[in-house]
2 protein chains.
Amino acid sequence: MQREDAVTEHPAFDPYDPGCPSRQLVDRIGDRWTVLVIGVLAEGPARYGELATRVAGISPKMLAQTLKALERDGLVTREAFNTVPPRVEYALTPSGASLQPVLLAVSSWAREHAGSVLQAQAAYDG
Amino acid sequence: MQREDAVTEHPAFDPYDPGCPSRQLVDRIGDRWTVLVIGVLAEGPARYGELATRVAGISPKMLAQTLKALERDGLVTREAFNTVPPRVEYALTPSGASLQPVLLAVSSWAREHAGSVLQAQAAYDG
DNA sequence: CAGGATCCCTTATGATACTG
DNA sequence: CAGTATCATAAGGGATCCTG
């Protein structure tokens, strides 16, 4: 259990503490769509429709939701042009860009170990 | 998308890009409990109850489930001692240990940016 | 002590249709 | 084009009880 008045302090962020903002961030990084969206934006700004295309399989709802969350977290900027037809561009902020290497490390590890993991699974199942 | 009928015979959560096992791994890394469990084991072998204590908030079900998945993936070993009372020790395999730096990068990023993210959220909400 | 088996509920997510 | 609104479903996860 936890103290109610812990808000007044500004302690070290502890991912092991449920309810700690840093844990929330870890969760976000782990999010299925977040990773993919940031991956696309890491290559440059993109429009909504472009994202919808490149992150294949994502529903409009999830895309909008993911982008909104990222924008709220200050990881992504949203720029709307009042034209016809409408045009909205998303881009990574410096914070968002700083996340890229981390995500890269994750996917690198995954690529490197995918083989041995598959092997281990087969052995375990057998 | 898929040409399959409404028959969902396989619980494959891969939204798209099938045939990429590394994708499965990324999802695992992103798993809320996996990250925390590996984090604890990175400091050395631990018993079931020890893990239950240190990974605050996890239920027996989730802990067992997470450990089993990690064991199947060859990231964690399980050693059961046939004593009374029972004693089971979990430890990282080399593969699992190699994951530590990656996870460390993730939580480091989270700790570093938690502040600015909170700030961004406040600004967004206001 | 370690964990399996259940039950149940909350939330996440997807499909679809609609609007500024 | 860029979303929003709504609905239905499935999965994640917690609580609890039980056993080797």
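Preceding this paragraph is the structure being described.
Residues numbered from 1 in each chain as written. Chains lettered and ligands numbered in written order. Predicted model: local features only at pLDDT ≥ 70, side-chain atom pairs only at ≥ 80, totals over all residues. Heavy atoms only, no water.

A few words on empty space enclosed by the protein. Considering all chains together, one arrives at one cavity of 30 Å³ or more under this definition. Volume-wise, the largest cavity comes out at about 30 Å³. Surrounding the largest cavity, Pro15(A), Arg23(A), Val26(A), Asp27(A), Arg32(B), Val35(B) and Leu36(B) form its lining. Mapped onto the lining of the largest cavity, the elements with two or more residues apiece are α1 (21-30) of chain A together with α2 (32-41) of chain B. (1 Å grid on protein atoms, 1.4 Å probe; cavity = no way out; pocket = protein on both sides within 12 Å on 5 of 7 lines; lining within 4 Å. Points joined across faces, edges and corners; volume = space filled by probe spheres on them. Helix = DSSP H or I, 4+ residues; strand = E, 2+ residues; numbered from the N terminus.)

Looking at DNA strand C, there are 16 residues lining it, with Lys61(A), Arg47(B), Tyr48(B), Arg78(B) and Tyr90(B) nearest. Contact distances for DNA strand C include 3.0 Å between a phosphate oxygen and a side-chain N or O atom of Lys68(B). Every element with two or more residues in the surface near DNA strand C is listed here: α2 (32-41) and α4 (60-72) of chain A together with α3 (48-54), α4 (60-72) and β3 (87-92) of chain B. Grouping the amino acids of the surface near DNA strand C by side-chain chemistry returns nine nonpolar, one polar and six charged. (Near = heavy atom within 4 Å. Polar contact = N/O pair within 3.5 Å; in protein donor to acceptor, adjacent residues only side chain to side chain. Nonpolar A, V, L, I, M, F, W, Y, C, P; charged D, E, K, R; others polar.)

What follows is about the relation of the copies chain A and chain B. For the match of chain A to chain B, the screw axis carries a shift of 0.2 Å, the RMSD comes to 0.6 Å, and the turn is 179°. What the superposition gives is, in effect, a two-fold axis relating one chain to the other. Residues of chain A ranked by C-alpha distance from the rotation axis are headed by Gly30(A), positioned 1.7 Å from it. (Least-squares fit on C-alpha atoms with pLDDT ≥ 70 in both.)

Around DNA strand D, 21 residues are found, and the nearest of them are Arg47(A), Gly49(A), Arg78(A), Tyr90(A) and Lys61(B). Within 4 Å of the protein, the atoms of DNA strand D are drawn from sugar and phosphate moieties in a proportion of 66%. Elements that contribute at least two residues to the surface near DNA strand D include exactly α3 (48-54), α4 and β3 (87-92) of chain A together with α2 and α4 of chain B. With four residues, the top contributor of residues to the surface near DNA strand D is α4(A). Considered class by class, the residues forming the surface near DNA strand D number 11 nonpolar, three polar and seven charged.

To continue, consider the sheet that holds strand β1 (residues 46-47) of chain B. Residue and element names in this part refer to chain B. Here three strands make up an open sheet; going across it, the order is β1-β3-β2 and the pairing antiparallel. Either end of the sheet is taken by a strand with one partner, and the two such strands are β1 and β2 (76-81). Direction of pairing for β1 relative to β3: antiparallel, over a ladder of two bridges. Its bridge partner lying in β3, Ala46 is registered against Tyr90. (Pairing = 2+ DSSP bridges.)

A word on helix α5 (residues 94-125) of chain A. For α5(A), spanning 32 residues, the distance from its first C-alpha to its last is 44 Å, which sits close to the expected 46 Å at 1.5 Å a residue. Turning to α5(A), its buried residues number three or more, namely Ser95(A), Gly96(A), Leu99(A), Val102(A), Leu103(A), Val106(A), Trp109(A), Ala110(A), His113(A), Ala114(A), Val117(A) and Gln121(A). (Expected span 1.5 Å × (residues − 1). Buried < 20%, exposed > 50% of the residue type's maximum accessible area, 1.4 Å probe, protein only.)

Right, let's talk about the side chain of Thr34(B) for a bit. Relative to the elements of secondary structure, Thr34(B) occurs in helix α2. Beyond its immediate sequence surroundings of up to four residues, Thr34(B) is in contact with Arg28(B), Thr66(B) and Leu70(B). (Contact = heavy atoms within 4.5 Å.)

Opposite the 43 residues of chain A that make contact, chain B presents 46 residues. A buried area of about 4100 Å², summed over both sides, lies between chain A and chain B, and 68% of it is on carbon and sulfur atoms. The three residues of chain A that bury the most area against chain B are Tyr16(A), Arg72(A) and Trp109(A), which together make up 19% of that side's buried surface. Between the two partners, chain A and chain B, sit two salt bridges. Asp125(B) is the partner of Arg72(A) in a salt bridge, and the nearest nitrogen-oxygen pair spans 2.5 Å. For the pair chain A and chain B, the number of links is 10 residue pairs in polar contact (both at pLDDT 80 or more). Where the side of chain A that touches chain B is concerned, the elements lending two or more residues are α1, α2, α4 and α5 of chain A. Broken down by element, the residue count for the side of chain A that touches chain B peaks at 18 residues, all from α5(A). Among the residues making up the side of chain A that touches chain B, the classes are represented as 24 nonpolar, 10 polar and nine charged. (Buried area = accessible area lost by both parts, 1.4 Å probe. Salt bridge = Lys/Arg side-chain N within 4 Å of Asp/Glu carboxyl O.)

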